[in-house]
Amino acid sequence: MVEKKMAKLKSNLGCISSLFTCLNSSKKKRKNGKKNNASDNKRVEKLDKLEQPPLEKRPLSPPNIGSIGSCGSVASARSSVFFETNEGTDDEWFQEVDSFDSFAKHEIDGQFFFSAKDDPKISQETFEGIHLYPPIPTIDVDPALTSPVSTTNMETLLRSYQYGEEDVQQSKQNKEATEIAALALEHQAQRLMSTDKKDANDIFNSTSVLLEDLKLPGIVSEKGFPGALTEEELEAVKRFKSELESRDPIYTEIVRSLSVVEKEAYSLCRWLRSRKFDVDAVFELLNEAKEHYEKAKKHNFYPNLEDSLGFARDVFLSQYPEVYCGNARNGCPVMYMRLGSIQPEGIKCLLSIEDAEQVYWNGMKYGYTDRLEEGRRINPAFVRTENMTVYDFEGVSRSQVNSDTLDMIKVAAKVMNSFPETLHCLLIINAPSWFGLVWTVVRKVIDARTASKIEVFTSSKKGIARMQDLIDNSQIPSDYGGAGPSLAQAAAGVSAANGSNGASKPQDSSSKVVVLNKVMHLKKHQEKRKDFELKEGQTMTVTIYTRCTNGATAAIICEGSESPIIEKDVVGKDDDTPYSMVLGEVKGPGKFDVRLKSISGPGVFLILGKM
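Cut-off values and rules
- Residues numbered from 1 in each chain as written.
- Predicted model: local features only at pLDDT ≥ 70, side-chain atom pairs only at ≥ 80, totals over all residues.
- Heavy atoms only, no water.
- Helix = DSSP H or I, 4+ residues; strand = E, 2+ residues; numbered from the N terminus.
- Buried < 20%, exposed > 50% of the residue type's maximum accessible area, 1.4 Å probe, protein only.
- Contact = heavy atoms within 4.5 Å.
- Areas by Shrake-Rupley, 256 points an atom, 1.4 Å probe, with all protein chains shown as cover.
- Core = buried A, V, L, I, M, F, W, Y, C linked by side-chain atoms within 4.5 Å.
- Pairing = 2+ DSSP bridges.
- Arc of directions from axis to C-beta.
- Salt bridge = Lys/Arg side-chain N within 4 Å of Asp/Glu carboxyl O.
- Axes fitted to C-alpha atoms, helices over the stretch in contact; angles between N-to-C directions.
- pLDDT = per-residue confidence, 0-100.
- Phe/Tyr/Trp six-rings, centres within 6.5 Å; stacked < 30°, edge-to-face > 60°.
- Lys NZ or Arg CZ within 6 Å of the ring centre and 35° of its normal.

## Section: the overall build of the protein chain
Working step 1: For the protein chain, the helix and strand inventory stands at 19 helices and 13 strands.
Working step 2: Residues counted as buried form 57% of the 611 residues belonging to the protein chain.
Working step 3: Nonlocal contacts in the protein chain, meaning residues at least 24 apart in sequence, comprise 83% of its contacts between residues at least 6 apart.
Working step 4: Looking at the protein chain as shown, the accessible area adds up to about 25,500 Å², and 48% of this sits on carbon and sulfur atoms.

## Topic: the nonpolar core
Working step 1: By size, the foremost hydrophobic cluster in this structure holds 117 residues, and its most contacted members are Phe240, Leu286 and Phe316.
Working step 2: In contact with Leu286, not counting residues within four places along its chain, are Phe240, Leu244, Tyr251, Ile254, Val255 and Trp271.
Working step 3: Counting 23 residues, the second-largest nonpolar core is a separate cluster that includes Leu522, Leu534, Val586 and Val594.

## Let's talk about the pairing of strand S12 (residues 590-598)
Working step 1: For strand S7 (residues 527-534) and S12, the ladder comprises eight bridges, and the chain directions are antiparallel. The residue bridging Glu527 from the neighbouring strand is Lys597, located in S12.
Working step 2: Relative to S12, strand S9 (residues 552-558) runs antiparallel, the two being bridged by seven bridges. Bridging across to S12, Ala552 finds its partner in Ser598.

## As for helix H18 (residues 460-470)
Working step 1: Of all the positions in H18, only Gly463, Ile464, Arg466, Met467 and Leu470 are classed as buried. When H18 is viewed along its axis, its buried side chains cluster within an angular range of 160° and face the same direction.

## Examining the pattern of salt bridges
Working step 1: Going through the model one piece at a time under the given rule, you end up with 22 salt bridges.
Working step 2: A salt bridge links Lys238 to Glu235; its shortest N-O distance comes to 3.6 Å. Residue Lys238 and its partner Glu235 are both found in helix H7 (residues 231-246); the two are separated by three residues, about one turn of the helix.
Working step 3: Overall, Lys238 belongs to the partly exposed group, its relative accessible area being 34%.
Working step 4: Given a relative accessible area of 45%, Glu235 falls into the partly exposed group.
Working step 5: With a closest N to O distance of 3.9 Å, Asp593 and Arg529 form a salt bridge. With Asp593 in strand S12 and Arg529 in strand S7, this residue pair connects regions lying 64 residues apart in the sequence.
Working step 6: Residue class for Asp593 comes out buried when judged on its relative accessible area of 7%.

## Comments concerning the sheet that holds S12
Working step 1: With antiparallel pairing, the four strands of this open sheet are ordered in space as S7-S12-S9-S10. Looking at strand neighbours, the two that pair on one side only are S7 and strand S10 (566-570), the edges of this open sheet. Averaged over all pairs of adjacent strands, the angle between their axes in this sheet comes to 15°, without regard to strand direction.

## A word on the side chain of Glu357
Working step 1: Residue position: Glu357 is located in helix H14 (residues 356-378).
Working step 2: When residues no more than four places from it in sequence are discounted, the contact partners of Glu357 are Lys295, Tyr302, Val411 and Val415.

## Some words on the confidence of the model for the protein chain
Working step 1: Residues of the protein chain with pLDDT of at least 70 account for 69%, and the chain-wide mean is 75.
Working step 2: The secondary-structure element of the protein chain with the lowest mean pLDDT is helix H2 (residues 91-96), recorded at 37, while helix H8 (residues 249-255) shows the highest, at 97.
Working step 3: Confidence drops under a pLDDT of 50 for residues 1-120, and excluding neighbours within four residues, the segment shows 303 contacts in the predicted structure.

## With respect to unusual backbone geometry
Working step 1: The omega torsion across Gly588 and Pro589 is 5°, close enough to zero to call that bond cis.
Working step 2: Structurally, the position occupied by Pro589 is in the loop between strand S11 (579-587) and S12.
Working step 3: With a phi angle near 50°, Lys276 is a residue other than glycine that sits in the positive phi range.
Working step 4: Secondary-structure assignment places Lys276 in the loop between helix H9 (264-273) and helix H10 (279-297).
Working step 5: Not every positive phi belongs to a glycine, and His525 is a case in point at roughly 65°.
Working step 6: Its place among the elements puts His525 in the loop between strand S6 (514-522) and S7.

## Focus: the sheet that holds strand S5 (residues 454-456)
Working step 1: Sheet architecture is open: five strands sit in the order S1-S2-S3-S4-S5, paired in mixed fashion. Whereas interior strands pair on both sides, the edge strands pair on one side only; in this sheet they are strand S1 (322-327) and S5. Strand-to-strand twist of the sheet, defined as the mean angle between neighbouring strand axes without regard to direction, takes the value 20°.
Working step 2: Pairing geometry for S1 and strand S2 (residues 333-338), over four bridges, is antiparallel. Across the sheet, Glu322 pairs through a bridge with Met337, a residue of S2.

## Here's the deal with the packing of aromatic side chains
Working step 1: Under the definition given, this model contains twelve aromatic pairs.
Working step 2: With 5.8 Å between their ring centres and 85° between their planes, Tyr251 and Phe283 make a pair best called edge-to-face. Of this pair, Tyr251 sits in helix H8 while Phe283 is found in helix H10, placing the two residues 32 residues apart along the sequence. Neither Tyr251 nor Phe283 differs from the other in exposure class; each is buried.
Working step 3: Ring centres of Tyr324 and Tyr368 lie 5.7 Å apart, and the angle between their planes is 40°; this geometry places the pair in the tilted category. Pair noted here: Tyr324 is in strand S1 and Tyr368 is in helix H14, with a separation of 44 residues, a long-range link. Each member of the pair, Tyr324 as well as Tyr368, carries the same accessibility label: buried.
Working step 4: These aromatic residues form a ring-pair network of at least three members: Tyr293, Phe301, Trp361 and Phe419.
Working step 5: When the ring centre of Phe283 is taken as origin, the NZ or CZ atom of Arg247, which lies over that ring, is 3.8 Å away.

Here you go:
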């Protein structure tokens with residue numbers, strides 16, 4: 001009975017963990033250990049400290065010069081096909097998933113550090129990278145260096161050059177604080193990746209312990225950045241730069257892909273940090289990124305999505321709400337993902353999964369750099385090219401994360417191979433009581449360093465409190481009680497700083513916000529409707545997207561009347577090819593509804609209204 005219940009829960013919840021494949025990789029398929037008998041835990045109101053290993057002090061080990069592992073991809077077992085079916089999800093796909101093992105075939109460790117180990121009982125060696133280069137969540141912009149760093153004078157990258165003979169007391173305080181922070185992050189990874197944790201309480205408590213341990217006195221400096229290098233790390237930088245100059249110029253171009261906002265010294269160190277200053281391993285990663293980078297380069301990385309896809313960026317974000325809004329106190333752009341608002345069927349109405357890479361290239365080459373520039377405008381001393389990420393689990397259901405969503409995440413991961421070491425920290429808020437069950441699967445596909453960057457909160461209140469630690473209220477979206485724009489406004493290009501477009505290159509419709517958003521599944525000859533209301537002076541443009549060749553008759557009708565204001569037939573031109581039609585403009589005031597009636601068979605339609 002217990003096994004049947006667990007199998008049902010895994011079928012319902014296991015797909016959610018696919019979202020974490022974009023964080024890192026697993027290697028070979030692994031058999032599950034004993035199943036956890038997880039119960040439905042109530043939300044944790046008070047978090048007690050977990051027992052944890054004592055914070056032992058130990059000397060730092062030198063960087064591991066060995067190979068860290070490869071980064072690649074294995075084609076999805078299913079192609080992304082749009083089915084003109086009745087309302088529902090692809091249940092057969094879920095039945096094929098056995099505790100997420102099939103997802104583990106896809107290796108995408110480029111964005112973070114080194115690969116997860118095959119052995120579920122992870123050795124201490126796995127955590128060495130955390131201790132060598134502790135990813136400390138910061139609340140202030142990094143202190144300015146005593147001298148500007150430059151690759152023309154490599155010595156400026158050394159800590160000894162920048163600080164000379166440091167004050168003995170200050171140097172000791174800095175070393176001790178850094179050591180304690182490294183151990184706190186190491187213990188966080190150990191707690192989250194432990195095979196012994198059986199319920200969500202342990203995971204939630206883990207974050208409480210981490211935050212308590214990170215309240216440290218003194219200056220905590222991050223290693224592996226320009227101006228903080230050791231002699232050994234500097235030699236790796238020199239070799240990396242020299243080999244880039246002697247190889248195919250495309251490698252240099254990929255490494256310097258954020259050169260608009262990132263100086264050469266910081267680019268070199270960022271790539272080297274991604275592989276613990278192992279130059280050979282970095283070139284393995286570059287080889288993986290090369291093919292996809294060159295393909296996107298031919299199209300100038302898709303500067304205008306309306307030209308290449310037929311719709312603005314905010315239309316895609318209305319179905320896959322991965323939105324940048326504001327900057328953290330340390331200058332990092334903040335990205336919000338509202339998992340409960342993902343609409344896979346809506347995404348398929350807009351584009352093929354393969355074409356989704358255009359959205360991601362546009363976001364990284366134009367939107368992301370704009371956000372980094374905004375961080376530098378807020379504080380000129382900001383030099384990072386990292387982002388802070390918030391995953392909101394409120395309202396998540398299995399229908400929102402299916403095989404097509406996973407395929408799209410894999411596409412995103414291929415793009416992100418060109419942008420390693422860009423995550424500063426990840427906050428998970430509104431984690432449900434069954435999150436522990438999901439986590440037993442998630443921990444198989446992320447590495448220890450990534451786990452050390454993750455903080456998990458059971459409620460919006462606790463999560464927002466942590467957001468307020470890291471982000472000024474003026475930069476927090478209004479959705480979370482801040483003074484910034486809403487996420488819908490941010491998706492349309494409204495900046496938290498001054499209300500200007502900062503999401504991507506200017507687009508004609510970027511000033512309009514998506515306010516009507518409905519996916520309709522129609523059976524043969526079935527009719528459905530969606531109500532909306534407009535106030536005096538408001539005008540909404542309604543557009544319908546589909547891949548359905550069966551077609552539907554669409555109409556907009558004012559309340560109290562059966563005569564349509566607008567009526568058109570919406571029929572896809574080619575089978576399985578996205579098609580859109582502007583139904584028309586509607587002016588307020590008044591109450592209206594959009595009605596769709598199937599013409600000859602079932603289909604799926606996305607209705608969007610912008611104003």
